Every structure is written in C-alpha cells, then in structure tokens.
Amino acid sequence: MTLRLPFRNLQPNFCSGLFDDPLLLIRQRPLGSNLLFDCGRLQHLAKRVLTAIEAVFVSHGHMDHWMGIDTLTRHVYVTPKTVELFGPVGIAAKLESKLAGYDWNLCEQNWGSYRVHEIGSETIRSHLLSGPDGFRRTELGSRPRSSRVIFENHLLRVAAEPCDHLVDSLIFRIDEQPTFIIDEAFLDRHQLLKGPWIRQLKRRFHRREDLDLPLTVLRCGVDGAEEFRIEDVRGFCREIAAEQRPASIGYISDIGWSAANREKITGLLSGVTLLLCETTFLSDAVERARSSRHLCSADVNRLLEQLRPEFFLPMHLSKSYNRCSSRLYRELQIPSGTTLLRIPDQVTPRPLLQSEFPWQEYRASGPAE
Ligand SMILES: [Zn+2]
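A quick note: this is a predicted structure, and the numbers were derived from the prediction, not measured.

A separate point is the coordination of the zinc ion. Distances from the zinc ion to its protein donors, His60 (NE2), His62 (ND1), His165 (NE2) and Asp254 (OD), fall at 2.2 to 2.3 Å. One can describe the donor arrangement at the zinc ion as irregular, given that its 4 donor atoms subtend angles of 90 to 168 degrees at the metal. Each donor residue of the zinc ion lies on the same chain, and together they follow the pattern H-x1-H-x102-H-x88-D. Taken together, the residues span a long stretch of sequence, with histidine 62 in the loop between strand E4 (53–57) and helix H2 (69–76) and aspartate 254 in the loop between strand E15 (248–252) and helix H7 (259–269) at a distance of 192 residues.

Here we take up the UniProt feature "domain: Metallo-beta-lactamase" (unreviewed entry) in the protein chain. UniProt feature "domain: Metallo-beta-lactamase" (unreviewed entry): in the numbering of this structure it lies at residues 20–222. With 20% helix and 38% strand, residues 20–222 has end C-alpha atoms that lie 67 Å from one another.

Before going further, it helps to spend a moment on the sheet that holds strand E7 (residues 123–130). As summarised here, the arrangement of the 8 strands in space is E1-E2-E3-E4-E5-E6-E7-E8, forming an open sheet in which the pairing is mixed. Two strands in the sheet have a free side with no partner beyond their single neighbour: strand E1 (10–14) and strand E8 (136–144). Direction aside, neighbouring strands of the sheet carry axes that sit 20 degrees apart on average. Pairing analysis gives 4 bridges linking strand E3 (residues 33–37) to E4, with the strands arranged parallel. Across the sheet, the residue bridging to asparagine 34 is isoleucine 53, located in E4.

Attention now goes to the environment of serine 283. Tracing the sequence through the fold places serine 283 in the loop between strand E16 (274–278) and helix H8 (286–292). Each C-alpha atom of the pair serine 283 and leucine 268 lies 25 Å from the other, and the pair is 15 residues apart in sequence. Once residues lying within four places of it in the same chain are set aside, the contact partners of serine 283 are Cys296, Ser297, Ala298 and Glu331.

Turning our attention to H2. For an α-helix, 3.6 residues make a turn, and residues three or four places apart therefore share a direction. Three or more residues of H2 are buried, namely Ile69, Thr71, Leu72, Thr73 and Val76. At its buried positions, H2 is contacted by helix H1 (47–51), E4, strand E5 (82–88), helix H3 (91–99) and strand E6 (113–119).

Applying the stated criterion across every chain yields a total of 17 aromatic pairs. Ring geometry for phenylalanine 186 against phenylalanine 236: centres 6.1 Å apart, planes inclined by 65 degrees, an arrangement best described as edge-to-face. Separated by 50 residues along the polypeptide, phenylalanine 186 in helix H4 (residues 184–189) and phenylalanine 236 in helix H6 (residues 233–240) bring together distant segments of the chain. Grouping residues by exposure puts phenylalanine 186 and phenylalanine 236 together as buried. Each member of the aromatic cluster is reached from another via a ring pair, and the members are Phe37, Phe57, Phe86, Phe151, Phe172 and Tyr251. When the ring centre of tryptophan 257 is taken as reference, the NZ or CZ atom of arginine 262 above it lies at 4.6 Å. For arginine 342, the ring lying beneath its charged end belongs to tyrosine 329, and the centroid distance is 3.7 Å.

Our focus in this paragraph is the pairing of strand E10 (residues 156–164). Across the 9 residues of E10, 7 count as buried, placing the element largely inside the fold. Note that E10 and strand E11 (residues 168–176) share 9 bridges and pair antiparallel. In the strand pairing of E11, proline 162 is matched with leucine 170. Hairpin remark: E10 followed by E11, antiparallel, with 3 residues in the connecting loop; positive phi at leucine 166, about 70 degrees.

This brings us to the pairing of strand E14 (residues 224–230). Within a regular strand, the side chains alternate between the two sheet faces. Bridge count for strand E13 (residues 215–221) against E14 is 7 bridges, and the pairing is antiparallel. Following the sheet pairing, leucine 215 is matched in E14 by isoleucine 230. In sequence, E13 turns back onto E14 through a hairpin of 2 residues.

It is worth spelling out the environment of leucine 5 at this point. Within the fold, leucine 5 resides in the segment before E1. As a C-alpha pair, leucine 5 and arginine 157 span 152 residues in sequence and 18 Å in three-dimensional space. In contact with leucine 5, other than residues within four places in its own chain, are Pro12, Leu274 and Phe311.

Definitions and cut-offs
- Residues numbered from 1 in each chain as written.
- Predicted model: local features only at pLDDT ≥ 70, side-chain atom pairs only at ≥ 80, totals over all residues.
- Heavy atoms only, no water.
- Donors = N, O, S within 2.8 Å, 3.2 Å for Na, K, Ca; no water.
- Tetrahedral: all angles 85-135°; square planar, octahedral: opposite > 155°, others 65-115°.
- Helix = DSSP H or I, 4+ residues; strand = E, 2+ residues; numbered from the N terminus.
- UniProt positions renumbered as here; feature names shortened; annotations may be inferred.
- Pairing = 2+ DSSP bridges.
- Axes fitted to C-alpha atoms, helices over the stretch in contact; angles between N-to-C directions.
- Contact = heavy atoms within 4.5 Å.
- Buried < 20%, exposed > 50% of the residue type's maximum accessible area, 1.4 Å probe, protein only.
- Phe/Tyr/Trp six-rings, centres within 6.5 Å; stacked < 30°, edge-to-face > 60°.
- Lys NZ or Arg CZ within 6 Å of the ring centre and 35° of its normal.

What follows is the structure in structure tokens.
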C-alpha cells in the first residue's frame, strides 16, 4: 500500500501485510531509486522494484527479515552496480555463507557487488562482496561511529541503534533532509527579484559548497533591477528559507521490552512523524513476548503514549493470531493526535494447493480435427 504522508521527496511504501514478513520500501522520488528496510519474503515485488534498490537495511539475521536477500541477488547480480547493505555485526559473514552456497563459475567483470556495513555500538566495519570475484568477501576496514547516522544523501539521512532481541537487532530512523524553499514574503520585504541567482543559491545549499563565497542577487533599484552582493551567504540561506519541519520515519522490528532498549528507542525515535513498529504478540502472550524478546500490544501502547507519532502502523503480528487481527486493533490505544494506519492481513500471494497445479490443465495433443 502507498501511504499519503507529509513527505516531500520520499514515498514510504509498506509492501507486506500484517502477518507477512515486514518490508518497508522507501522511494526516493527525485532519484527514482529505493531503500529497503528488512529483507524477508519479497518474491511478490517486481523486478523493476528490486533492481531500483540502492541500499538494504536489515534489522537482524532471523529468516523472516533476511531470507529475501537471495531473491534480491537473483535480480541484481548481472547489473553493474554495488548495493549498499547495512546490518548488525556478523551480517557480512552471513551473506558470504549464503552466496557461497551457489556456483559462480560463470561470473563476469560487469556483475554487481554488495558493500556490507556492520553496525556496532562503537564502530562500523565494512566488507566488499564482489560479484566479478564470485562474491568473495574482502574487508574494507572499520571506522568509529561519531554519530548514529549510517547513511546519508541529499534527500534523507538514516540513523540506527543496535538493540537486544537475543541477537543484535537494529532500529532505524529515517529523516527527510530539509529542502530549500524560498520564503516569498522575505523576497517582497527586501525587494529581491527572482533570477538565476536563486538556482545558484539552491545548488550551493544542497551541495553544501561555496557557502563562504559571496553571491550576487537581483533587487529593485531606483532605475529598475540592480545587482547586489551578499557576503554572508550562510546567514542569507537561514533568512531566506521558509519555515519547515522535515518528516521522519521510525522503524522498530523485533526487539525486547528491556530498559536499555526503551532508552535507545526514546533517544533515537522521539518526534518521528510515522512510526512502524512490530506488534508480534497480544497482551495475553506477554510471557512469550518477554522470553522471545518481542513486543506485545501493551508494550506498543506505552511506546505510543511516549513517542506520540503523527502516524502509526503496527506490523509483524504473529501468525498464531491468523484470522483474528481485529483483536490487535481492539487492544491498541491510539493517543489523540496519532492516526492509525491499517494494512491488509496478507498481501503476498497465497501458495498453490495441489488441486491448483497447472498440470491439471494438460491435455494430450492429437491431430487437428
Ligand atoms: Zn527476530
């Protein structure tokens, strides 16, 4: 389903149902490329969706969050590009082991590769799994984490925090970058005239370059348009930009209800516009939630009360509640100011039953009558 939310350049799509493996696909509209959060069952996504994936963010290595990497590889390995893959510590060896299960004797120089980044608490360690080299792994080195940000371009910023799920499980925050919107009232107040200088200013702002060089703008003079030199371009950017609050997404899948995890959630996800959160169990199964380090609906209610996102999408409900998803919606307590987003129970195709196999339709072909 497509969510109509207050994003300017991003389009978040939740591509699975309530009981399906969670898949958040974020379309970067101006780039025409996608970011994928979690990588479970994804055979229902079209090749053109998968080949447009620029980066994959895997919360943890449990099958329902990770098995789709084989399908993704099947679609992208002959494409000469490098997919960035972010995951918890150990994910590079897991990917290497998975891909080592295939024969790559026909690999070619123009095949694609994976650059894998393992997100630890203190460091990020990177590896290259090169397609032309049969996806053998080479370590690229590690760098200390100076902030929670793990990926950034001119459209968005992704931050992550490792949480406990008996294994490391990453939670993510995606912030849309502020766009440069000109405040028309400021132009009027200062009698500034539109011209090519606005495009130049926007380019400098987005590329964060040449902001210390003066800029020549146009303004109304006594005898018509005249040039005027701005020395403090950084300050000018702050003044001329219209007020805006970029939208953001919080993504929580599979973590336990521990004090340390809760502290990380509030540190990373306060103020998010849209929260997607696993709600694996209902409140009567709190012990199962605790022992398997998942959240139950009562836990999610407490998080909602604290975070108060504008939009909330519950996901990843245990299949043991199949056919009774209404119980989840009855148990959720949505705070005022938060809009609940509901998704279908299932969107992945139903597997074929034996009675539906195509051979039932085979007919012996005889001579034309
Ligand atoms: Zn899990």
